[in-house]
Each structure stands twice: as C-alpha cells, then as structure tokens.
Amino acid sequence: MTPVSINTGRLRSPFYPRLAELDSLNTWHNWAGYSSAEALYCEDMEYFAIRNSTGVFDITPMTKYRITGPDALDYLNRLVTRDMRKIKPGRVAYAIWCDDQGQVIDDGTIFHLREGEYRLCSQERHLAWLTTAAIGFDVTVKEETAEIAALAVQGPTSYSVLKNMGIDGLDSLKPFGLIHHQIFGTELMVSRTGFTGDLGYELWIDPDKAIDLWDALFAAGKLHGIQAIGTHALDLARKEAGYLAPFEDFLPAETTVRTGRTRSPLEIGMEWLVDFNKDNFNGRRALLKEKAEGSTWRLVKLDIEGNKTADHSYIYADDKKNSDEIGFITSAAWSPVCKQNIALGTVRTPHGKPGDNVWVEVYYQREMHWNRVMAKATVVDKPFWFPARRGMTPPAPF
Amino acid sequence: MINKYDAIVIGAGHNGLVCSALLAKAGKNVLVLEANDQVGGAAITREFADGYSVSACAHLLYKIQSQVEKDLNLNINLASDNLSTIVLSEVGEHVTYCGNKVTGVNESDQKNFAEFFKRMTRFSDLLNTYLNKPPPRLGTKNKKDLFTLAMLGFDLRRMGKVEMREFLRLIGMNIYDELDERFESPLLKGGLSLDSVLGTHLGPRSPNTILTYLFRMAGKHGTLSTPKGGMGSVTKAMSDSAKAAGVEIITNAKVKKVIIEKGTATGVELNDGTIYNSEIVVSNADPKKTMLELVGARNVETRFTHRIDNIRMKGNAAKLHIALNKLPTIKGFSESDYSQRILIAPDENYVERAFNSAKYGESSPLPVLEITFPSIKDSSLAPSGCHVMSAVVQYAPYQQKSDWNEEARTNFKNDIFSVLKQHMPDIENCCLSSEILTPLDLEKEFHITGGHWHHGELTLDQFMFVRPVAGSAQYQMPIDGLYLCGAGSHPGGGISGASGRNAAQVILKREKR
Ligand SMILES: Cc1cc2nc3c(=O)[nH]c(=O)nc-3n(C[C@H](O)[C@H](O)[C@H](O)COP(=O)(O)OP(=O)(O)OC[C@H]3O[C@@H](n4cnc5c(N)ncnc54)[C@H](O)[C@@H]3O)c2cc1C
C-alpha cells in the first residue's frame, strides 16, 4: 500500500490570504476543520456592514454534498421533511432533516443546481447519516466541501456590487433562486440566499478562482462600502432574523446523548417545513404521533424589556409569583438595528404562544458584582428583522 | 374476480400457509400469492432426475410445532420416525445417538451424554415456551410485554439457582468447549458439532452455537422424522387445510411491490401489473426482501433500513441430490442403518476447519454432510430398486470468491465426492445423476435472500427481542398493516410453523382493537 498523507491540522480556505491581509484581531476559531475569523477588525463595524452596505463572509467551511443519480429527488424527499418535488431546477430550499424518532439532525439549504443534480449545505458534517440514508436508493452522495469556495455577500448594496461585477440575471433572481454565470473561464454560481435575513447573495466557485473572485468583488464594491466580516457579526445578524444555530438553539440529534435534549421540528417552530401530505419522510411516523399527542417544547422569539442581554437566562411563567420556571434562553442579543433586546428560547408547552408574556431572569455583572433583574418579555411571531428589500425583485440599486 | 381481501399473504412457504390458514379460520378472507409454480417455499418435493424426487431443500422434520399441527388439523403421514443419527467412521466403528442414548462410545461418554441431553432438553423446553409466542418488547409499559418478560425471569429462576446460572453461562457460549469438557469420542463431538452449526455461518468454536443447538432441540427434543412423499406433502397438507378454511392461493404470482399510501399498506402489485387490495399485507418473504425490495427504503425510516440492510443472512448450506441405481456400500452398516440420519463429521476440529474456508469465501475442501436416503422408506421417490440421496453439505458460502462459476461448482462437487468416497467407496458407480444447489441457487429457486436456512443468522444479536431487528420483533413492520410471518421473524427457521402462527395471533389481536 502506498502511504497517503493527510493534513491533520486546521484547514485554510482559499480566501485565507485575503482575509489574513485584512485581519488585525487574530481571533480565529475552528469551523468544521477550517480556520474561520470571529472578527477581522471590529465586530460592530462588521455587523453594520451587513445592515448598511455589504458584508462579505467566507462560507467555504460550510459542508457541501453533491447529490446525483436517478433517485436523487426521491432520496432527498425521504431525507428532509418538506416536499422537494416543488423545488424546481434553479431553486433553493431551506430544509431540515430528522432521525427516525422525528428529532432534528440539522438544517441546511438544498440547491437544485440542474435537473436531478443537487447540493446540500449545512453547518455540521453529515456524511455518515447521508450515506446511511442512501441505502436502497440509486444515488451518489459526495462530499465536496473542499472543492468549492464560497462567499456570502450580504447587505442592502450587495445587489449593486454584484451588478457592478458584471453578473447578469440578478434583476429577475428571486429569493431562493440561483443562476450560473461564466467568469474567469469557469462557472460562478450565484444564489439569492444567506443567513442574515437581509438582501444578499452567495457565490460559489472553483477554489482555484477564489482569489480572482474576491478581488473582482472587492473592486466592484469599493464605492458601496464592502467589508469582510467574521462570525460574530453574522451571529448577531442571524439572531435578528430569527434563524437557529445548531448546538445553540437545538442539538443535532445524531450527537446528542441525553434523552429529552433533542427537539422535533414542531418544537423549534419549523412546522411550516413539515409536509405531512408527502408519502414519507424520515421521522414522519414519529412526528404524526407527536402532532396528535402534543409537543413538549416550543421555540419562542422574545422581545425583552430593558437593555440587559438575557444570555442563558431562565424563563418564568407570567403568573402571580413569576416563579414557575418554564424554559430558558438559547440565543440573546441587543439588536442595534431593531433597538430591541431580543432572544430565542425554548419553553414547555402550552406556554409561549405568540402574544404571551413571560419573565426572564437576567444576571449581569457590574465591576465584579452580579445583579439580577426580572425582565418582562413578549413572545413575538415574526422575525425581529425583516426588511422589505429582502424580498424585492429586482432589489433597489445604490 | 374480486381484488379486495381482508388479508394478503406474500409467499406460500410453510409459514405463509400456516398464517393464512389461521387468519381464514378466524373469518378473514385471505389471498396467498406465491412466486413459484407450487406452494411450500423451501419445503417442497420435486423431481431432479427422471423418476427421482427429493425434498428439494428442507428434508428432515424435527421442529414442527404440535400447536400448529393441532390448529390446522394436520395429519402428516410419516415415512419414518424417531430416526437415529449415525456419525460415520472410516473404519466402520460408527457412533449412533438417538434421544438420550448413544452407542459406539465408552461408558463415561454414555453417562455424560444422558446428562447432557437432560440439561439441554430442559433448557430447550424453557426456550420453546417463548418460541411459540410473540417476544415481549423491551422498554415499553405494555402490560402483556412486561408480564411475558417477568415470566421469562421467573421461569429461569424456577429452574433453581444452579441451573439458572448454568443456562446463563451456556446461552452465549460455543458448543466446542462444552463438548470438549464432557466427551471423549471424536465422532460424538463431531456429530453434535454439526448439529449445532447446521444452516448457520458458524463453526463449533463460534459463540452462539449452544443457542443454535438448543433451538434445534426446542419442541421435539430433536426427534427426527421424514414425511411420506417428501417435505412437499407437509406443505400440501398445510395448503389443503388453508384452502378448506377458505384461503385462495395463486401460484406463479410474483409480488413486485407492496403498495403503500402515506405509511399504510393498501395492497400488492404483481410483476404482471395485477393489483390486489387489502388492509393487511403479510410477508412470508425474508425481512430484507420484504423491506428493501417489496416495500422499498423510501417508505421506511433510515435507521430502520440500515438495521434491515445489516441483517446477517448469507447462507452456507448447500443441498446435494443423487439418483442412485443402488445403495452405496458403507462399512459396518446394517440394512436399517441406511434409513437413519447419517453424518460425516469425524471430529469437532474437522467441523471447525471446514468452517475456516467459509470465512474467506471458499467452500470447504473437506465438507461436512448430513445424509439421508429417504427412498428406503418411501418408494414414491425413486423407481423400484433405485434410490435417492438427499444431503445438506457445509460449508458453501453464499459469497463464494468466484460467485460460484462452473469451475467452483465442479471443484466443490469433486470435493464432496472425495469425502463421500472415503465412506462409500462405490458411490460413483451407484450415481446415475446428481444435482448440487448452492446458497446462490437456493436464493434463485426459493427467493430467499442469501439462500439462508433461517432467513437471517440465528444468533443472540438477531434473536427474540431483536429479530429481525430491534424495534420490530412483534411481526408488525413500521408500516401500518404490514406484517412479517416468515422464518426471518421470531423465532427463526426450520419447518415449525411457529413464525406463521405467532404472526397470525398478533394480526388477529391488532385487528380486534
Ligand atoms: C439447504 C437447507 C436445508 C434445510 N433443511 C432443513 C431441514 O432438514 N429441516 C428443517 O426443518 N428445516 C430445514 N431448512 C430450513 C427451512 O427450509 C426454512 O427455515 C423454512 O423453509 C422457512 O420457511 P418459511 O415459510 O418461513 O419461508 P420459505 O420456505 O422460504 O417460503 C417463502 C416463500 O415466499 C415466496 N416468495 C418470496 N418472495 C416472493 C414474492 N415477491 N412474491 C411471491 N412469493 C414470494 C417464496 O417463493 C417462498 O415460497 C433448510 C434450509 C436450507 C437452506
């Protein structure tokens, strides 16, 4: 046998040289085996780039699987809870998938690249599950994370930036649509997707052309306030959009040991993604039962009084003593753009219906000493941040 | 033609027939669809040479459950009963055992054998109670399940502390160590080793071979008989009983798929496109074929599919049929010896060595054999004065390296004949024609995945609560209205009818709710 050499160290994205040039904070962390910057120069400024101009985030580490073969559609339809038959070529679907017990394994996006050819992207790695799920299907599941470099280009000026770059077809590109564009002698895939809840795109290209893409993008965005950003800025933006993060707002079922710590889609506000009219999908039997018998948990979006961030707080029922503990906060932030104290949390049913009041026990530190306040909070239905430009086609130019 | 039934049974193997008869007796309108041109599955009689017939797969009756015989009013005509097992010695000093008696061994072996037999039958009796009912589910609050589990514990304890400890010590163990501790005679140890590994992918040194031995003894304590007219007459009697109860049986009707709508079985579709509807679909086909081919992975969950896909069920037992112009000479044999069950398994290490090859995808160069000459007591099987030999030969791995090409088949046949010749020097002169069925052939002829004796290896990890797989041991599959009734479900293979009977009980109980 010839020895194979495997890089066991942390990987660097093909954009790393450019990110390293811009980086002055040196705060890198591990994302699926890659170095990913938490922030490059100032997380607040990076966040405002997303909301006021254009923020560019390196999503190369996002796990990508190519799914092809005669049974690709049937395979995906059994894998995820929504009906993939409705996702035509050139469209993207946000989707979740469950284990046999109907507990969420992860969420992700599925790109219908061309007829019968799909790419599934998720934050965590899932090759073992996806391969197991392929038993009995004529389908090929191939990990292609390292074969594609990708950038998220998000913010109100992102449309103009990409137009400046000479990308056609953006005017008619609707949210969750994708187009293919020829550039640098290769194919650039542009999808109107993202994790910020704002107008934005994601660009997908051969890693050899990554630097070319970066340079062209930043040249085109120079006058439109384009900025590279890190994960902290993105994390704040996703909370404002009400998006969930695995390991924070739910635990991927495949890696969770304790019973009762996982969540079903119905328990994390994803019922709209579950299509019981489909003949079958993984977890369907369990979820039908849960629907009939009632769920244990409910995910809530909270608008909290005051300005003290409610990280990891307990949530209490709105009764006489406010001492009936009903759940806890999983993600919290002060939202600069909404000027709201926001949080995502999980509470026991029947608590937490939209419009309900609950109480949040917030601890905060002032010069070493801890203080505690009970802050009233309202359960809201809609995302905290949902600008009209996010859905506008064509988006407004700048 | 009406196409709507109360229940459809896929496959007219003996378990399918038993199940259908019991459903019909309970008032159901039942249809049985069989792929082959005759009923019986692996329990049939067929001609393999002009004028010569044999039981084409299973050939000895030792597990048929008395409850099944009673429930179906079966009247099985036996050609021979209470057969002895003779383990051949090249020099004619054979060892013969039957019940708790053994001859051809020293006094200490005789005494130990009686003791061994007593203990093994006591344990197999305990086991047998649980083979004839659906296994309890683990981790549920269902009263019946909890009660059955408690009974199991109670029954174990009731044997007394020493026996219980012994049971728990033995149940996962290999037969080799147990035999080596007890006996001296190599032939006796060889014969009992073969008894334990017949039909499995196990050698006598493999763990679990005491379980397989107990399974063999369960019910009738290993008492052997042959039915008149071959095994086909048993399934003929079963199908007669089923028909009398109103069951409709269609042969040459291969089911292509189970029709499933939103997680519920609604009927089946045949290869020719014919559709039959029913709210209850029962499959006598093995679990892999049923779930992966007839139902399809898309209709069931991922982990469940994974478990089904991982069921170990690669057969190792081949079948040899020989048309004989006269009985071959066997040294030291009296006339009546020929009509017994004859083993070639000279010692326990020989059996283990025969298994070695199977691990690496090769057939045994020195195979072990279980031989019968059924025509001696049943003249219907061969022209007068002539005979047939029916033998199970191990090991012939399903996944033979060359996929059983002509060369591999010829080599294996030659190996078998060399072994036979050592005990029957004139066998080649007696042989008019012969047929060998490898597990691959058995898979084709009987539609059993892997051609496996038990429709799935009979080992502790695929036994009782976890047969065929964890979470579905009670015949009900995770599709509403879909059940298994074949050997791949609890308790396992052999002509016993237990799976079919248990399944029918479960189905009828569910229906009542
Ligand atoms: C070589 C060998 C020797 C054996 N010797 C003995 C022995 O001596 N004594 C003993 O007790 N046991 C013996 N056995 C074991 C015994 O034969 C089996 O365990 C038993 O026959 C299983 O019965 P069953 O009814 O569950 O399944 P089967 O007999 O396999 O019946 C299943 C039926 O389903 C049908 N079927 C499958 N798919 C379809 C479809 N798609 N559409 C329609 N029909 C379908 C098949 O054609 C078959 O008729 C032996 C096994 C082997 C392999």
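Since this is a predicted model, take the numbers as computed values, not measurements. (Residues numbered from 1 in each chain as written. Chains lettered and ligands numbered in written order. Predicted model: local features only at pLDDT ≥ 70, side-chain atom pairs only at ≥ 80, totals over all residues. Heavy atoms only, no water.)

Asker: Explanation requested: the overall build of chain A in the structure shown.
Answerer: Along chain A, the regular secondary structure elements total eight helices and 19 strands. Across its three principal axes, chain A shows a C-alpha extent of roughly 70 × 50 × 50 Å. Here chain A holds 398 residues, and 55% of them are scored as buried. For chain A, restricting intrachain contacts to residue pairs at least 6 apart in sequence, the fraction spanning at least 24 positions comes to 67%. When the accessible surface of chain A is split by element, carbon and sulfur atoms take 51% of a total near 17600 Å². Taking the 45 positively charged and 52 negatively charged side chains of chain A as two groups, their mean positions are separated by 4 Å. (Helix = DSSP H or I, 4+ residues; strand = E, 2+ residues; numbered from the N terminus. Buried < 20%, exposed > 50% of the residue type's maximum accessible area, 1.4 Å probe, protein only. Contact = heavy atoms within 4.5 Å. Areas by Shrake-Rupley, 256 points an atom, 1.4 Å probe, with all protein chains shown as cover. Lys, Arg positive; Asp, Glu negative; His and termini not counted. Charge placed at Lys NZ, Arg CZ, Asp CG, Glu CD.)

Asker: Hey, could you run me through the nonpolar core in this one?
Answerer: In summary, soluble globular proteins display a tendency toward joint burial of nonpolar side chains. Residues and elements named next belong to chain B. Ile371, Met389 and Leu420 are the most contacted members of the largest nonpolar core, which has 82 residues in total. Of the residues forming this core, the biggest block, nine residues, is contributed by helix 3 (residues 107-131). Summarising the domain contributions, this core has at least three residues from each of domain 1 (4-43 + 230-312 + 454-512) and domain 2 (109-217). Grouped together as the second largest cluster of nonpolar side chains are 37 residues, Ala7, Val39, Val247 and Cys485 included. (Core = buried A, V, L, I, M, F, W, Y, C linked by side-chain atoms within 4.5 Å. Domains from an automatic or database assignment.)

Asker: Sorry, what's going on with the interface of chain A and chain B here?
Answerer: Interface extent is often summarised as the accessible area lost during association of the parts. With 21 residues of chain A at the interface, the matching set in chain B holds 18 residues. The junction of chain A with chain B conceals about 1700 Å² of combined surface from both sides, 43% of it contributed by carbon and sulfur atoms. On the chain A side of the interface with chain B, the three residues burying the most area are A:Asp100, A:Ile135 and A:Arg285, jointly 35% of the side's total. In this assembly, chain A and chain B are joined by four salt bridges. (Buried area = accessible area lost by both parts, 1.4 Å probe. Salt bridge = Lys/Arg side-chain N within 4 Å of Asp/Glu carboxyl O.)

Asker: Quick question: what am I supposed to make of the sheet that holds strand 4 (residues 63-68) of chain A here?
Answerer: Sheets are built from strands that pair by backbone hydrogen bonding, the pairs being arranged parallel or antiparallel. Residue and element names in this part refer to chain A. Here five strands make up an open sheet; going across it, the order is 5-6-7-4-8 and the pairing antiparallel. Across the chains shown, the open sheet's two edge strands, defined by having one partner strand only, are strand 5 (92-98) and strand 8 (140-143). Sheet twist, expressed as the average angle between the axes of neighbouring strands with direction ignored, equals 30 degrees. Running at roughly 30 degrees to strand 7 (residues 117-122), helix 3 (residues 72-79) makes contact with strand 4, strand 5, strand 6 (104-114), strand 7 and strand 8 of the sheet. (Pairing = 2+ DSSP bridges. Axes fitted to C-alpha atoms, helices over the stretch in contact; angles between N-to-C directions.)

Asker: Which parts of the structure should I look at to understand the pairing of strand 13 (residues 264-270) of chain B?
Answerer: Two faces belong to every sheet, and in a regular strand the side chains alternate between them. All names here are of chain B. Where burial is concerned, most of strand 13 is hidden: five out of the seven residues are buried. Direction of pairing for strand 12 (residues 255-261) relative to strand 13: antiparallel, over a ladder of six bridges. Among the inter-strand pairings, Val255 is bridged to a residue of strand 13, identified as Leu270. The turn linking strand 12 back onto strand 13 is made up of two residues, and Lys262 within it adopts a positive phi angle of 50 degrees. Pairing of strand 13 with strand 14 (residues 275-278), which is carried by three bridges, proceeds in the antiparallel orientation. If you follow Glu269 over to strand 14, its bridge partner there is Ile275. Counting the residues in the hairpin turn of strand 13 and strand 14 gives four residues, including Gly273, whose phi is positive at 95 degrees.

Asker: Explain a negative patch on the surface to me, please; I cannot follow it from the model alone.
Answerer: Side chains of A:Asp318, A:Asp319, A:Asp324 and A:Glu325 sit close together on the surface and give a patch of like negative charge. Structurally, A:Asp324 is set in the loop between strand 15 (314-317) and strand 16 (325-335). (Patch = residues over 30% accessible without salt bridge, like charges linked within 9 Å, V, L, I, M, F, W, Y side chains within 5 Å.)

Asker: In this structure, what is going on with the domain arrangement of chain A? I would like to understand it.
Answerer: All names here are of chain A. Along its sequence, chain A is organised into domain 1 (4-60 + 148-241) and domain 2 (296-382). For domain 1 and domain 2, the distance between their C-alpha centroids amounts to 32 Å. Facing seven residues of domain 1, the contacting portion of domain 2 comprises nine residues. Each partner contributes to the roughly 620 Å² buried at the junction of domain 1 and domain 2, and carbon and sulfur atoms together form 70% of this total. When the buried surface of domain 1 facing domain 2 is broken down by residue, Leu236, Lys239 and Glu240 rank first, second and third, together holding 62% of it. Where domain 1 meets domain 2, there are zero salt bridges. Here domain 1 is connected to domain 2 by four residue pairs in polar contact (both at pLDDT 80 or more). Mapped by element, the contributors of at least two residues to the side of domain 1 that touches domain 2 are helix 2 (43-52) and helix 7 (231-240). A per-element tally of the side of domain 1 that touches domain 2 places helix 7 first, with four residues. (Polar contact = N/O pair within 3.5 Å; in protein donor to acceptor, adjacent residues only side chain to side chain.)

Asker: I keep staring at the site of the ligand and nothing clicks. Help me out?
Answerer: Residues and elements named next belong to chain B. Neighbouring residues of the ligand: 36 residues in total, closest Glu34, Leu60, Trp453, Gly494 and Ile495. Contacts to the ligand include Val255, whose backbone N or O atom sits 2.9 Å from a nitrogen atom. Taken by itself the ligand offers 1000 Å² of open surface, and the protein chains cover 99% of this. Listed by contribution, the elements that provide at least two residues to the shell around the ligand are helix 1 (14-25), helix 10 (287-295) and helix 15 (439-446). Among the residues making up the shell around the ligand, the classes are represented as 18 nonpolar, 15 polar and three charged. (Near = heavy atom within 4 Å. Nonpolar A, V, L, I, M, F, W, Y, C, P; charged D, E, K, R; others polar.)

Asker: Even after reading the chapter, I still don't get the environment of B:Leu33, so can you show me in this structure?
Answerer: All names here are of chain B. You can see Leu33 is positioned in strand 3 (residues 30-33). A relative accessible area of 1% places Leu33 in the buried class. Separated by 190 residues in the primary sequence, Leu33 and Thr223 place their C-alpha atoms 32 Å from one another. With residues up to four places along the chain from it excluded, the contact list for Leu33 reads Ile8, Val9, Ile10, Gly11, Ala12, Ile250, Ala253, Val255, Val268, Leu270 and Tyr276.

Asker: Just to check I follow, could you spell out the sheet that holds strand 13 (residues 226-228) of chain A for this structure?
Answerer: Residues and elements named next belong to chain A. Here we have six strands laid out as an open sheet, ordered 10-11-12-9-3-13, and mixed in their pairing. Looking at which strands have only one partner, the edges of the open sheet turn out to be strand 10 (178-183) and strand 13. Here the average twist between neighbouring strands, direction ignored, is 25 degrees. In this sheet, strand 12 (residues 200-205) lies alongside strand 9 (residues 149-154) in antiparallel orientation, the contact comprising six bridges. Across the sheet, residue Gln154 finds its bridge partner in strand 12, namely Gly200. In the packing of helix 2 onto the sheet, the strands contacted are strand 3 (54-58), strand 9 and strand 13, and the crossing angle to strand 3 comes to about 115 degrees.

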